[in-house]
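# Observations on chain architecture
In case you want the letters, here they are:
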Amino acid sequence: MGSNHYNQVYLNTTVFAITPPFTQLNTPYPATAYLKGFLNTKAIACRQADLGIEVILELYSKKGFEDLFAYIEKNPVDFSDNALRIIGMRHQYIHTIDSVISFLQGHNATLVHQICQKGYLPEASRFEQLETYHGKTFGSMRSQDEAKHLATLYIEDISDLIKECVDPHFGFSRYAERLGRSANSFDEIYQLLQHEYSYIDLLLVKILEIKMTLVSPKLVAISVPFPGNLFSAFRCAQWIKKYHPDVKIAMGGGFANTELRSLSDARVFEFFDFITLDDGERPLECLVNYVSTLPSQSDPGKNIILESDFFKRTFMLVDGQVEYLNNSPLPDYPQAQTGTPDYSDLLLDSYISVIEIVNPMHRLWSDGRWNKLTLAHGCYWGKCTFCDTSLDYIKVFEPLAAQLICDRMEEMISQTGQSGFHFVDEAAPPARMRDLALEILKRKLNVTWWTNIRFEKSFNRDLCKLLKASGCIAVSGGLEVASDRLLELIQKGVTVAQVAQVCRNFTECGIMVHAYLMYGFPTQTTQETIDSLEMVRQMFEAGIIQSGFWHQFAMTVHSPVGLYPDLFKVQKSDRPLGTFANNDLEFKDPTGTDHDAFSYGLKKSILNYMHGLCFDYRLQDWFEFKVPKDKIEKTYIKNVLLEKERDTLTSSSKIVWIGNTPEIKVSSDDQNNLVTVTVHENQKTTRFDVEKKQADWLVEILKLTSPQNSGSMTYKNLKEMYDEQNNRSYSFEKYWESESLKKLRAAGLLVL
């Protein structure tokens, strides 16, 4: 379990893996845990730290607040009324902060009563939203959740104060994100790095100094997953270069993988020695081998070897020029050989669970500690035209065996004490999800999990029932533009009707659904945007999706739209290639639609729909400018959901029983040799009468089709076993459609 490691000194550490501020409050970003797990397989000593959560804990503490308010008092600005209110209540904030953070960490449960009774927490502008949503949200919330939401508003009020009065770049899950998002040139970041440390920078380097002294690594590997981590990554590297000049520093992660593939600005290497691309295991191992050849204080005469076969997908500075070295003959490691993610060193019991939006699905991203894994590397679909399909993280698809995934799950549960898993696949393959669910049930693991999917036809009711039985609580997937014309242009491989039916299957089985939504795709018209919103409104009203978020389309260099813009009737701008980050492209859409104008209205509408509000509003009400009336039939989604699910039964379909062992009792009507079969379920009991021989056969079949017996029985196998009983009075096909089988199927006999 996580604990404070400041009182330990680590000897002979080779690699120190860092996540710079900020990513998530509730759970570690998994990149460093993945790398540490891999390095364990190579017996390479590695330590790791999530500097984001450590800075937050330093800031959001009694001492942190005392220092913060003292700094604000010594450095006054033109305070807003909201800032003046918070400053005026500083003693209440200082008095309550340690208790609130402890509560959000799960260590102070009884505080819920004080928080919910009001008057305990000081309230500023963030609490004003309660007037809008209070009746709808808190009416359905448990007191624990209500208190967590109120505590979240409390710490967000202080975040607003910090941004206004101390550091405009501050954010809980990002820092200086704008700089990372507009970094075609390195100039602005470089200039800001020449400035004195900000208040947040000082907290960061104070913690970094302690860590570096304790760990004393040869190589620091800084993972930069998002633009909101970028500036802090450079601050960390800058400080290490100044105070530990012999330590080598590498950057990797999602930002480098997508944004820095054409890097040419030599100034970057004033801070970093290496920048690696794509899967990090082999490049990092190559760097470790290289660093081991460098001279040390104990052996200053050792020859420096700089040969290109030391490097895998690595930028570095050679004779003053940025060079991309990728001549290592060694292949990337198969996913089965990368080891189990290792979360040791991280302060697992100190992460903060918050509820930013009162929605049971949306909260999963910020509430609870999730172990993160993948079912597969890459995307099994790999065709969406807005996606980076030309990059390895998408195009190289490599699924893992369900047995190996469950082995890793058990190992991580043992290490972290947490049984919640977020599978962070680009899109989890339905067949792999099925196999994982069967393996979980076979091992009788008690886990909770969720993942990203495509809304495939494969997700019929029975598969959704199986996933639910194994602990799946939620899925997130791309509905995108909610327009069949545009979905075809995107090559999504689904229709709006199909998405609605799949969402119904999930929600009817108790699995929540989050929809990723998109607007502004090339050639999308104003009419299509409004029609898309109406589709989304109907789906929320029907209760088949619980959460969603609108993203504006961005053309990227590595997507089919970016690579072949003519096919999508758009024009890329003639902006020259930048020397730093090059991913997002500017383009002209021939429709002339101002997609930016729709952002606020789309996001406001969905926020209300997620709270179960405003389904009766006109779509025009969400926009401050004139929009056309939608052309979607008002009962379109309702009619789609009335359609009967297609029968997917084939001779090779798997038959799986996930229910309890039935009880068999002789019926009172024993003249017909009938018995009563009783199946007890968690919320109900199913009973039906059958002939005794048939009941005995059923019990035997249910044993053979349970996950504990490998779940390998097919419909063909079942029919053959039935037909061997020559005394049957009617065919297996007729028996399959009988009332007793229908009841048994409803109780847990699944066709997969």
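Residues numbered from 1 in each chain as written. Predicted model: local features only at pLDDT ≥ 70, side-chain atom pairs only at ≥ 80, totals over all residues. Heavy atoms only, no water.

## A closer look at the side chain of Ser198
When you line up the elements, Ser198 lands in the loop between α10 (187-193) and α11 (199-215). At 3.1 Å, the side chain of Ser198 forms a polar contact with the side chain of Asp167. Dropping the residues within four chain positions of it, Ser198 is found in contact with Asp167 and Tyr175. (Helix = DSSP H or I, 4+ residues; strand = E, 2+ residues; numbered from the N terminus. Polar contact = N/O pair within 3.5 Å; in protein donor to acceptor, adjacent residues only side chain to side chain. Contact = heavy atoms within 4.5 Å.)

## Description of the packing of helix α21 (residues 526-541) against helix α23 (residues 599-610)
Running from N to C, α21 and α23 point in directions that differ by 10°, and their axes come no closer than 10 Å. One way to sum up the angle between α21 and α23 is to call them roughly parallel. When α21 is examined against α23, the residues Thr529, Leu533, Val536, Arg537 and Phe540 are found in contact with a partner set consisting of Leu602, Ser605, Ile606, Tyr609 and Met610. (Axes fitted to C-alpha atoms, helices over the stretch in contact; angles between N-to-C directions. Parallel < 35°, antiparallel > 145°, perpendicular 65-115°, else oblique.)

## With respect to the sheet that holds strand β12 (residues 448-453)
Read from one edge to the other, the open sheet built from 6 strands follows the order β8-β11-β12-β13-β14-β15, with strand pairing classed as parallel. Edge positions in the open sheet fall to β8 (371-373) and β15 (547-552), since each of these has one partner strand only. Direction aside, neighbouring strands of the sheet carry axes that sit 20° apart on average. Bridge count between β12 and strand β13 (residues 472-480): 5 bridges; the pairing is parallel. Across the sheet, Trp449 pairs through a bridge with Cys472, a residue of β13. (Pairing = 2+ DSSP bridges.)

## Things to note about unusual backbone geometry
In this chain, Pro21 is followed by Phe22 through a cis amide linkage whose omega measures -5°. Phi at Lys569 takes a positive value of approximately 60°, unusual for a residue other than glycine. Secondary-structure assignment places Lys569 in the loop between α22 (560-563) and β17 (571-572).

## Some details on the packing of helix α3 (residues 62-74) against helix α5 (residues 90-104)
Helix-helix packing is characterised by the crossing angle of the two axes and by the distance between the axes. Between α3 and α5, the least distance of the axes is 8 Å, while the angle of their chain directions is 160°. What the angle tells us is that α3 and α5 run roughly antiparallel. Between α3 and α5 lies a crossing whose hand is right-handed. Contact residues: Lys62, Phe65, Glu66 and Phe69 in α3; Arg90, Tyr93, Ile94, Ile97 and Asp98 in α5. In terms of residue class, the contact of α3 with α5 is made up of 5 nonpolar, no polar and 4 charged. (Left-handed = near helix turned anticlockwise from the far one by under 90°. Nonpolar A, V, L, I, M, F, W, Y, C, P; charged D, E, K, R; others polar.)

## Examining helix α2 (residues 51-59)
Of all 9 residues making up α2, 7 are buried, and the element is well covered by its neighbours. All of the buried residues in α2 are Leu51, Gly52, Ile53, Glu54, Val55, Ile56 and Leu59. On its buried face, α2 is in contact with β1 (15-19), β2 (46-50), α3, α8 (143-165), α11 and α12 (227-243). Measuring from the side-chain oxygen of the N-cap residue of α2 to the backbone nitrogen of Gly52 gives 3.0 Å; that N-cap residue is Asp50. (Buried < 20%, exposed > 50% of the residue type's maximum accessible area, 1.4 Å probe, protein only.)

## Quick notes on the pattern of salt bridges
For the coordinates displayed, the defined rule picks out 39 salt bridges. Between Glu410 and Arg443 there is a salt bridge; the shortest N-O distance is 2.7 Å. Placement of Glu410 in helix α16 (residues 402-416) and of Arg443 in helix α17 (residues 430-443) is noted, with a sequence separation of 33 residues between them. Since its relative accessible area comes to 35%, Glu410 is described here as partly exposed. Classification of Arg443 by relative accessible area gives partly exposed; the value is 24%. Its salt-bridge partner being Arg745, residue Asp462 comes within 2.9 Å of it at the nearest N-O pair. Of this pair, Asp462 sits in helix α18 (residues 461-469) while Arg745 sits in helix α28 (residues 739-747), and the two are 283 residues apart along the sequence. (Salt bridge = Lys/Arg side-chain N within 4 Å of Asp/Glu carboxyl O.)

## Overview of the packing of aromatic side chains
How two aromatic rings sit relative to each other is given by the distance of their centres and the angle of their planes. All told, the structure shown has 47 aromatic pairs when counted by the stated rule. Geometrically, the ring pair formed by Phe234 and Phe272 is edge-to-face, given 5.1 Å between the ring centres and 90° between the ring planes. Here Phe272 lies in the loop between α13 (254-259) and β5 (274-276) and Phe234 lies in helix α12, a separation of 38 residues in the sequence. Its relative accessible area of 0% is what places Phe272 among the buried residues. With centroids separated by 5.0 Å and ring planes inclined at 90°, the aromatic side chains of Trp365 and Trp450 adopt a geometry described as edge-to-face. (Phe/Tyr/Trp six-rings, centres within 6.5 Å; stacked < 30°, edge-to-face > 60°.)

## Topic: the sheet that holds strand β21 (residues 663-666)
Within the open sheet, the 3 strands sit side by side as β21-β22-β23. Their pairing is antiparallel. If you trace the sheet from one side to the other, it starts and ends with β21 and β23 (685-691), each paired once. Between one strand axis and the next, the sheet turns by 25° as a mean value, whatever way the strands run. Sheet analysis places β21 next to strand β22 (residues 674-680), joined by 4 bridges and oriented antiparallel.

## What to know about the nonpolar core
In this structure, Tyr60 and Phe580 are the most contacted members of the largest nonpolar core, which totals 187 residues. Of the residues forming this core, the biggest block, 10 residues, is contributed by α8. Once residues lying within four places of it in the same chain are set aside, the contact partners of Tyr60 are Phe65, Ile97, Ile101, Ile155, Ile158, Ser159, Ile162, Phe170 and Phe172. Within the second largest apolar cluster, 24 residues are counted, among which are Trp697, Leu718, Trp736 and Leu744. (Core = buried A, V, L, I, M, F, W, Y, C linked by side-chain atoms within 4.5 Å.)

## Considering helix α20 (residues 496-508)
Here α20 spans 18 Å end to end across 13 residues, near enough to the 18 Å set by a 1.5 Å rise per residue. The element α20 is extensively covered by neighbouring structure, given that 12 of its 13 residues are classed as buried. Inspection of α20 places Val496, Ala497, Gln498, Val499, Ala500, Gln501, Val502, Cys503, Arg504, Asn505, Phe506 and Thr507 among the buried residues, and these make up the whole buried set. Two residues or fewer past α20, Gly510 is found with a positive phi of approximately 85°. (Expected span 1.5 Å × (residues − 1).)

## Side note on the pairing of β2
Counting buried positions along β2 yields 4 of 5 residues, so the element is predominantly enclosed. Pairing geometry for β1 and β2, over 5 bridges, is parallel. Bridged to Val15 within β2 is Cys46. For the segment spanning β1, helix α1 (residues 31-41) and β2, crossover handedness is right-handed. (Right-handed = clockwise from strand over helix to strand, strands pointing away.)

## Remarks on the environment of Tyr175
Along the chain, Tyr175 turns up in the loop between α8 and α9 (177-181). Residue Tyr175 is classed as buried on the basis of its relative accessible area, which comes to 1%. Separated by 55 residues in sequence, Tyr175 and Leu230 have C-alpha atoms that sit 7.9 Å apart. If sequence neighbours within four positions are ignored, Tyr175 has contacts with Pro21, Phe22, Asp167, His169, Phe170, Ser198, Ile200, Asp201, Pro227, Gly228, Phe231 and Ser232.

## What to know about the side chain of Asp425
Mapped onto the fold, Asp425 is located in the loop between β11 (420-423) and α17. Arg432 provides the closest opposite charge to the buried, salt-bridge-free Asp425, at an N-O distance of 8.3 Å. In terms of polar contacts, Asp425 uses its side chain to reach the backbone amide nitrogen of Leu375, at 2.9 Å. In this structure Asp425 touches Leu373, Thr374, Leu375, Ala376, Thr451 and Asn452, once residues within four positions along its chain are discounted. (Lys, Arg positive; Asp, Glu negative; His and termini not counted.)

## Considering the environment of Asp589
Here Asp589 lies in the loop between β19 (587-588) and α23. Residue classification places Asp589 among the buried residues on the basis of a relative accessible area of 15%. Considering only alpha carbons, one finds Asp589 and Thr525, 64 residues apart in sequence, at a separation of 9.9 Å. A distance of 3.0 Å separates a polar atom in the side chain of Asp589 from the backbone nitrogen of Thr523. At 3.0 Å, the side chain of Asp589 and the backbone nitrogen of Thr591 are in polar contact.

## Brief notes about the environment of Gly510
Looking at the secondary structure, you find Gly510 in the loop between α20 and β14 (512-519). Taking the C-alpha atoms as reference points, Gly510 and Ile473, 37 residues apart in sequence, are found 7.1 Å from one another. Each residue touching Gly510, except ones within four places of it in the same chain, is listed here: Lys468 and Ile473.

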